[in-house]
Amino acid sequence: MIDGKGKQQFTETTVYNAEEAAAGAQAGIDVLRAWDPVVSEVVSAAPTTFITAGIAFDAYETPDQILAAAIRAVSAGADAVYTPRGLGVVEMLAHEGIPVQGHVGLVPRKSTWVGGLRAIGKTCEEALRLFQDFKDLENAGAYAAEVELVPPETLELINSKTSIVTYSIGCGGAGDVIFLFMEDICGDIENPPRHAKSYGDLRGLRQKIWEERLMALKAFKSDVDAGMFPGPGKSATMPEDEKRAFQEALEHF
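Residues numbered from 1 in each chain as written. Predicted model: local features only at pLDDT ≥ 70, side-chain atom pairs only at ≥ 80, totals over all residues. Heavy atoms only, no water.

**Thoughts on the pattern of salt bridges**
Then step 1. Applying the stated criterion across every chain, the model contains nine salt bridges.
Then step 2. Note that Glu138 and Lys135 form a salt bridge whose closest N and O atoms lie 3.0 Å from each other. Of the two residues, Glu138 and Lys135 are both situated in helix α5 (residues 124-140); the distance of three residues between them amounts to about one turn of the helix.
Then step 3. Here Lys135 falls in the partly exposed class, since its relative accessible area comes to 23%. (Salt bridge = Lys/Arg side-chain N within 4 Å of Asp/Glu carboxyl O. Helix = DSSP H or I, 4+ residues; strand = E, 2+ residues; numbered from the N terminus. Buried < 20%, exposed > 50% of the residue type's maximum accessible area, 1.4 Å probe, protein only.)

**Focus: the layout of surface pockets**
Empty space left among the atoms is revealed by rolling a probe the size of a water molecule over them.
Then step 1. By volume, the largest pocket amounts to about 490 Å³.
Then step 2. In this structure, the largest pocket is lined by 21 residues; those nearest its centre are His103, Gly105, Val107, Lys110 and Asp133.
Then step 3. Secondary structure elements with two or more residues in the lining of the largest pocket: β5 (100-105) and α5.
Then step 4. The element contributing the most residues to the lining of the largest pocket is α5, with six residues.
Then step 5. Residues of the lining of the largest pocket, tallied by class, amount to ten nonpolar, five polar and six charged.
Then step 6. What the second largest pocket holds in volume is close to 370 Å³.
Then step 7. Lining the second largest pocket are 19 residues, and of these Leu106, Leu149, Gly170, Pro193 and His195 sit closest to its centre.
Then step 8. Tallied by class, the residues present in the lining of the second largest pocket amount to twelve nonpolar, three polar and four charged. (1 Å grid on protein atoms, 1.4 Å probe; cavity = no way out; pocket = protein on both sides within 12 Å on 5 of 7 lines; lining within 4 Å. Points joined across faces, edges and corners; volume = space filled by probe spheres on them. Nonpolar A, V, L, I, M, F, W, Y, C, P; charged D, E, K, R; others polar.)

**Describing the sheet that holds strand β7 (residues 165-169)**
Then step 1. If you trace the eight strands once around the closed barrel, you get β1-β2-β3-β4-β5-β6-β7-β8, paired in parallel fashion. Looking at each pair of strands side by side, their axes are set apart by 30° on average, direction ignored. (Pairing = 2+ DSSP bridges. Axes fitted to C-alpha atoms, helices over the stretch in contact; angles between N-to-C directions.)

Laid out in structure tokens, this is it:
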């Protein structure tokens, strides 16, 4: 991935289970990000794809817990670890020889600190602070960063001045890796963000599945209430002679 910086553009999406991982691999997606508890099944389903294990912000509290989770993920086959935590955690993971990816630009859980869900780096002053965030990640030992909602012009200029591999989400085509969530790609949410593009309609299909399920359940209930189910041919039958014999036998009880 590092060797490809500036030479080619890669793709990344999220996966949450083996089925999605297999689909991503078959589609040729270059990088799959999975939360650390499912890394093993994701790696098994996509053994030749670059896998990044996400260590959720609220999943582990202490540095020791985070380090243990990262080591488990790498031991299970992850190629790198993503963390939204601070530079201390990034430095700790990198010190242990774990390829680590940080997060710069908009961090949704910190959006109230910057005036809401908005682009970061639209002014020279803010872009310079963003550039410093990149340099801080570099110095902490990160090989990559998820870059969220940064103007393409800003990221393009920064990208030429950093060794960090940039995973762009909502930053136009300026990143080394173009990242989009699986649910956005497949049309599986009601109100996708502006930067997303749906290439499928899983939400529509799920609605159709819901409607088909409801229709079938109502029909089943109606048939049972009307005495129409179970009907002929839906159960085993007892031969008449065996039935008479059984009836006679029961008379002795």
